[in-house]
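Fold and contact review
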Amino acid sequence: QMRLAASGGGLVQGGASLRLSCTASGRSLSNYGMGWFRQAPGKEREFVAAISWTGGGRYYADFVNGRFTISRDNAKNTVYLQMDSLKPWDTAVYSCAASAGGLGYGEYDHWGQGTQVTVFP
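The text that follows walks through the structure, step by step, so that each part is easy to find. (Residues numbered from 1 in each chain as written. Predicted model: local features only at pLDDT ≥ 70, side-chain atom pairs only at ≥ 80, totals over all residues. Heavy atoms only, no water.)

A word on unusual backbone geometry
At asparagine 77, a residue that is not glycine, the phi angle is positive and equals roughly 55 degrees. Counting through the fold element by element, asparagine 77 comes out in the loop between strand S7 (68–73) and strand S8 (78–83). Even without a glycine there, the phi angle at serine 85 is positive, about 50 degrees. (Helix = DSSP H or I, 4+ residues; strand = E, 2+ residues; numbered from the N terminus.)

Some thoughts on the pattern of salt bridges
Under the criterion given, the structure shown has three salt bridges. Across the pair arginine 38 and glutamate 46 runs a salt bridge whose closest N-O atoms are separated by 2.8 Å. The class of glutamate 46 is partly exposed, set by a relative accessible area of 32%. Residues arginine 38 and aspartate 90 are paired through a salt bridge, measuring 2.9 Å at the closest nitrogen-oxygen approach. In this pair, arginine 38 sits in strand S4 (residues 33–39) while aspartate 90 sits in the loop between S8 and strand S9 (92–99), placing the two residues 52 residues apart along the sequence. With respect to burial, arginine 38 and aspartate 90 carry one shared label: buried. (Salt bridge = Lys/Arg side-chain N within 4 Å of Asp/Glu carboxyl O. Buried < 20%, exposed > 50% of the residue type's maximum accessible area, 1.4 Å probe, protein only.)

A word on the side chain of serine 99
With respect to the helices and strands, the residue serine 99 is situated in strand S9. Within the local environment of serine 99, its side chain forms a polar contact with the backbone oxygen of glutamate 107, the two atoms lying 2.9 Å apart. (Polar contact = N/O pair within 3.5 Å; in protein donor to acceptor, adjacent residues only side chain to side chain.)

Some details on the side chain of serine 21
Tracing the chain through its elements places serine 21 in strand S3 (residues 18–25). A relative accessible area of 15% places serine 21 in the buried class. Excluding anything up to four places from it in sequence, serine 21 contacts Ala5, Ala6, Ser7, Trp36, Thr78, Val79 and Tyr80. (Contact = heavy atoms within 4.5 Å.)

A closer look at the sheet that holds S7
Spatial ordering of the open sheet is given by S1-S3-S8-S7, a layout of four strands whose pairing is antiparallel. The sheet is open, and its two edges are formed by strand S1 (3–7) and S7, each paired on a single side. Sheet twist, expressed as the average angle between the axes of neighbouring strands with direction ignored, equals 15 degrees. Where S1 meets S3, five bridges bridge the pair, whose relative direction is antiparallel. Looking across to S3, one finds that serine 7 is bridged to serine 21. (Pairing = 2+ DSSP bridges. Axes fitted to C-alpha atoms, helices over the stretch in contact; angles between N-to-C directions.)

Right under this line is the structure:
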């Protein structure tokens, strides 16, 4: 059993920053790749960022455009998404996922409930 709990979302103005956290319980994240995804109202879920189990590989969707940073602290069993320069189109429910295999979109088999990020002009 693995439980992923995302937190840190909120209501902010454009240009603000948020740091999302995803903490696992039930299992250690040490041997899992981790990803962040988001889903806006009326839209399909989309990939945001991923980090390898070692932390040595970091990958971002094109729309991130250098504004977000994914990181992890295995000792704390937590993965982070630092989001800077937030824009209204970043408004979405953000969720994290764990993969025991690769970091492709279809390879995540543990998903957490999302945290709402709302960015207003």
